[in-house]
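Listed below are the residues making up each chain.
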Amino acid sequence: MNEPGYAIRAEQLTKRFGDFIAVNEITFDVKQGEIYGFLGANGAGKTTAIRMLIGLLSPSSGIATVAGFDVYKETENIKRNIGYMSQRFSLYEDLTVKENIRFYGGVYGLSSSEIRDKTDFLLKKLELEHARNMLISSLPLGWKQKLAFSIAVIHDPKIVFLDEPTGGVDPITRRQFWNLIYEASSKGVTVFVTTHYMDESEYCDRVSIMVDGRIAALDTPRGLKRIFHASSMDEVFLKLARPEKVGDI
Amino acid sequence: MRTIRFLIQKEFIQIFRNKGMLPIIFGMPIIQLLILTNAATFDLRNVQFHLIDRDQTTTSRKLVEKFTSSEYFIPVAQSFSDEKGEENLKSNRARMVLNIPGNFEKEVLSNKVSHIQFIINAEDGNAAGLTQTYASNIVHAFAMEYQSVWSSVDNPKQIKIDYSFWYNPELNYETYMIPGILVALVSMIGLFLSGMNIVREKEIGTIEQLNVTPIKKHEFIIGKLLPFWLLGLFILGFGLFVAKLIFNIPIMGSLWLIFGTAAVYLIVVLGIGLFISTVTDTQQQAMFIAWFFMVIFMLLGGLFTPIESMPSWAQNLTVVNPIAHYIQMMRGILIKGAVIGDISFQVIVLSLYSIIMLTLSVLRYRKVND
């Protein structure tokens, strides 16, 4: 199960809430260093799936490993090896930029000198040096999200999970955000990202599309477009999502 | 251990950056001590009474003078008819009617049994009882004086009672109330602030970010408890200081014992607060539940009404009421100079309580949901 080369493996992973099946026997794997796009409409089960992988929610059935650790029994080991940025904004609004970096760095076990170096490095990279002592609440959303991403990878995790990281920001900031993702990926970090911006899915090495709790398609963006005879990922998505709805009626 | 340090640092920054916080820390002790000690008094003074003196003699006037010169009674009206007195009772202008019949002096001088009447508003039974006691004492003293002056026979045999009030010889009301008010203060700070704290992180979503870090449960709980524990001890110290400065309350026992017991007690209160925050999802819910317990604990805690006068089932309930235990301890230490041996029962109960509450909150706090 635990072959080298795979960052995440899931087999028939399922989550039920009572009668409702939020995630229905999904099977996929993510290679180390890959940027994996996890797509789906709102309510398709993306967030539930992510929460199982990062050890916030225990699965109902199926198997999965993240960084080689079991999602049932070894959640604490998983947490040491991953970074996570949730769609709900997760920095402390009443702390300054510097204080947020120091707090999360400290919680991840970085030494004081590492925290100092990281802080300087991050602020320089994000061009936020002037905002060092500003409260997070006073920053524009785009800056917050870039900062949140940088903090999510502050401990150099093997895998980073991004749950709709670019929701609500302008195209330029999204582009900058993806540059951060590429940079992390070039250093060997595996990126697992959910989004519903279909143009963003073109940036991924491989994508899966979830429809009603199942993975309906999984391939490279180019492969998917070929299979579905589509010119863009938007079209692929519509073709996948529509027939289900029509079939329901 | 380093993780805990970062958590505590973060909490303190947040506490002191919160603009509403400093007024709470310094304002609440002063306001509570000043208002509650002066207003919530059991003492009965200045009872307003309506006088009906049908005798109009030297003797009757002497009796009335006894009433008016005491600090307990103030005459507000006078009439010759019962109806006027009744009216004043009804409209709350007077709490008592003192009725002296027309042949009062004659009866006194003739050594017959003489009569006067008190009509007391007994809506509040406690107050009525006290009024009656004070009034009877005055009449009794009056009778004794008359007996010694007018009686031709030597004083009949009588028993004189010497009172000796221990621990609070001047029956100083503040001395009795302040330890309890300090307890209420510390309890409120502990229960509400800790109760709100985790729920707030749930509401803004940062708890999820913490739950994906390798932070350990006990680190999290300690990191959340310790700041408010220190804050609680500080506020107790500040409250004691204010009480000493303004009311000059006695501090008979050792300060070590005061803060030692406070340290244990705060763990109980904070533990309850943390537990509440682990079973609720919004600050509103947490606040409501915290208030529910606070009100019950306070009313049954012996701050305003003595536990001894509660029905026995309510007295038994106080075993699980941390506030009741701590009020007894604080009164014992501050007023009576109790040492640890005198309060060992409460110390044991609170210690057990703190262990249970901590265990429960650690168990209830989940990093992984089902």
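Asks: Run through the pattern of salt bridges, naming residues and quoting values.
Replies: For the structure on display, the rule yields 21 salt bridges over all chains. With its nearest N and O atoms 2.7 Å apart, the salt bridge here joins Glu99 of chain A to Arg17 of chain B. With Glu99 of chain A in helix H3 (residues 97-107) and Arg17 of chain B in helix H1 (residues 2-17), this residue pair bridges two chains. By relative accessible area, which is 12% here, Glu99 of chain A ends up buried. For Arg17 of chain B, a relative accessible area of 31% corresponds to the partly exposed category. Arg174 of chain A is the salt-bridge partner of Asp199 of chain A, the closest N and O atoms lying 2.7 Å from each other. One end of the pair, Asp199 of chain A, is in helix H7 (residues 198-201); the other, Arg174 of chain A, is in helix H6 (residues 171-186), and 25 residues separate them in sequence. According to the relative accessible area criterion, Asp199 of chain A is partly exposed, its value standing at 41%. Classification of Arg174 of chain A by relative accessible area gives buried; the value is 11%. Taken together, the shared-partner salt bridges in this structure form one network comprising Arg9, Asp29, Glu34 and Arg206 of chain A.

Asks: Can you tell me about the nonpolar core, naming the residues and giving the values?
Replies: Core analysis: the biggest nonpolar cluster contains 151 residues, and Ile8, Phe28, Phe149, Phe161 and Phe192 of chain A have the highest contact counts within it. Sorting elements by how many residues they give to this core places helix H7 (residues 173-204) of chain B first, with 17 residues. Other than its neighbours up to four places away in sequence, Phe28 of chain A contacts Ile8, Arg9, Ala10, Tyr36, Phe38, Leu53, Phe192, Ile215 and Leu218 of chain A. Counting 19 residues, the second-largest nonpolar core is a separate cluster that includes Val47, Val64, Ile138 and Phe142 of chain B.

Asks: Provide a residue-level description of the domain arrangement of chain B, including the pertinent values.
Replies: If you check the domain split of chain B, you get domain 1 (2-40 + 172-364) and domain 2 (47-150). Centre-to-centre separation of domain 1 of chain B and domain 2 of chain B, based on C-alpha positions: 48 Å.

Asks: I'd like to hear about helix H4 (residues 112-125) of chain A, residue by residue, with values.
Replies: The terminal C-alpha atoms of H4 of chain A lie 20 Å apart, and with 14 residues this matches the ideal 20 Å at 1.5 Å per residue to within 8%. In this structure, the buried residues of H4 of chain A make contact with H3 and helix H5 (141-152) of chain A together with H1 of chain B. Once H4 of chain A ends, the next one or two residues include Glu127 of chain A, with phi positive near 55°.

Asks: Describe the packing of H7 of chain B against helix H13 (residues 322-336) of chain B, listing the residues and the values that go with them.
Replies: Packed helix pairs are specified by the crossing angle of their axes together with the interaxial distance, meaning the distance between the axes. Residues and elements named next belong to chain B. Remark: H7 packs on H13, axes separated minimally by 9 Å, with the N-to-C direction vectors making an angle of 135°. The pairing of H7 with H13 is recorded here as oblique in orientation. The two elements H7 and H13 cross, and the hand of that crossing is right-handed. Facing Thr175, Tyr176, Pro179, Gly180, Leu182, Val183 and Ser187 of H7, the residues of H13 in contact are Ile323, Tyr326, Ile327, Met330, Arg331, Leu334 and Ile335. Looking at the contact of H7 with H13 residue by residue, the class counts come to 10 nonpolar, 3 polar and 1 charged.

Asks: Let's hear about the environment of Lys187 of chain A: which residues, and what values?
Replies: For Lys187 of chain A, the location among the structural elements is in the loop between H6 and strand S8 (190-195). Here Lys187 of chain A falls in the exposed class, since its relative accessible area comes to 61%.

Asks: Residue-level account of H1 of chain B, with values.
Replies: With 16 residues, H1 of chain B extends 23 Å between its outermost C-alpha atoms, agreeing within 8% with the 22 Å of an ideal straight helix rising 1.5 Å per residue. When H1 of chain B is considered as a whole, its buried residues turn out to be Thr3, Ile4, Phe6, Leu7, Ile8, Lys10, Glu11, Ile13, Gln14 and Ile15 of chain B.

Asks: Talk me through the interface of chain B and chain A; I want residue IDs and the actual numbers.
Replies: The interface is formed by 29 residues belonging to chain B together with 35 residues belonging to chain A. Carbon and sulfur atoms supply 53% of the area that chain B and chain A bury against each other, a total of about 2,800 Å² over both sides. By the criterion of area lost to chain A, the three top residues of chain B are Gln209, Val212 and Pro214 of chain B, representing 22% of everything that side buries. One can count 3 salt bridges joining chain B with chain A. Ionic pairing is found between Asp94 of chain A and Arg200 of chain B, a salt bridge with its closest N-O pair at 3.2 Å. Our count for the chain B to chain A interface comes out at 12 residue pairs in polar contact (both at pLDDT 80 or more).

Asks: Residue-level account of the confidence of the model for chain A, with values.
Replies: Should the pLDDT be low somewhere, the predicted coordinates at that spot are not to be read in detail. In the predicted model, chain A carries a mean pLDDT of 90, and 96% of its residues have values of at least 70. Confidence drops under pLDDT 50 across residues 245-249 of chain A; counting only partners more than four residues distant or on other chains, this segment forms 1 contact.

Asks: Would you mind going over the sheet that holds strand S10 (residues 214-219) of chain A in detail, with residue names and values included?
Replies: All names here are of chain A. Strand order in the open sheet made by the 6 strands is S6-S7-S8-S3-S9-S10, with mixed pairing throughout. On the outer flanks of this sheet lie strand S6 (82-85) and S10, each paired with one strand and no other. Between one strand axis and the next, the sheet turns through 15° on average, direction left out of account. Pairing between strand S9 (residues 206-211) and S10: 5 bridges, direction antiparallel. Residue Met210 lies in a different strand from S10, and its bridge partner there is Ile215. Against the sheet, H6 contacts strand S3 (35-40), S6, strand S7 (159-163) and S8, and its axis sits at roughly 135° relative to S3.

Rules used throughout
- Residues numbered from 1 in each chain as written.
- Chains lettered and ligands numbered in written order.
- Predicted model: local features only at pLDDT ≥ 70, side-chain atom pairs only at ≥ 80, totals over all residues.
- Heavy atoms only, no water.
- Salt bridge = Lys/Arg side-chain N within 4 Å of Asp/Glu carboxyl O.
- Helix = DSSP H or I, 4+ residues; strand = E, 2+ residues; numbered from the N terminus.
- Buried < 20%, exposed > 50% of the residue type's maximum accessible area, 1.4 Å probe, protein only.
- Core = buried A, V, L, I, M, F, W, Y, C linked by side-chain atoms within 4.5 Å.
- Contact = heavy atoms within 4.5 Å.
- Domains from an automatic or database assignment.
- Expected span 1.5 Å × (residues − 1).
- Axes fitted to C-alpha atoms, helices over the stretch in contact; angles between N-to-C directions.
- Parallel < 35°, antiparallel > 145°, perpendicular 65-115°, else oblique.
- Left-handed = near helix turned anticlockwise from the far one by under 90°.
- Nonpolar A, V, L, I, M, F, W, Y, C, P; charged D, E, K, R; others polar.
- Buried area = accessible area lost by both parts, 1.4 Å probe.
- Polar contact = N/O pair within 3.5 Å; in protein donor to acceptor, adjacent residues only side chain to side chain.
- pLDDT = per-residue confidence, 0-100.
- Pairing = 2+ DSSP bridges.

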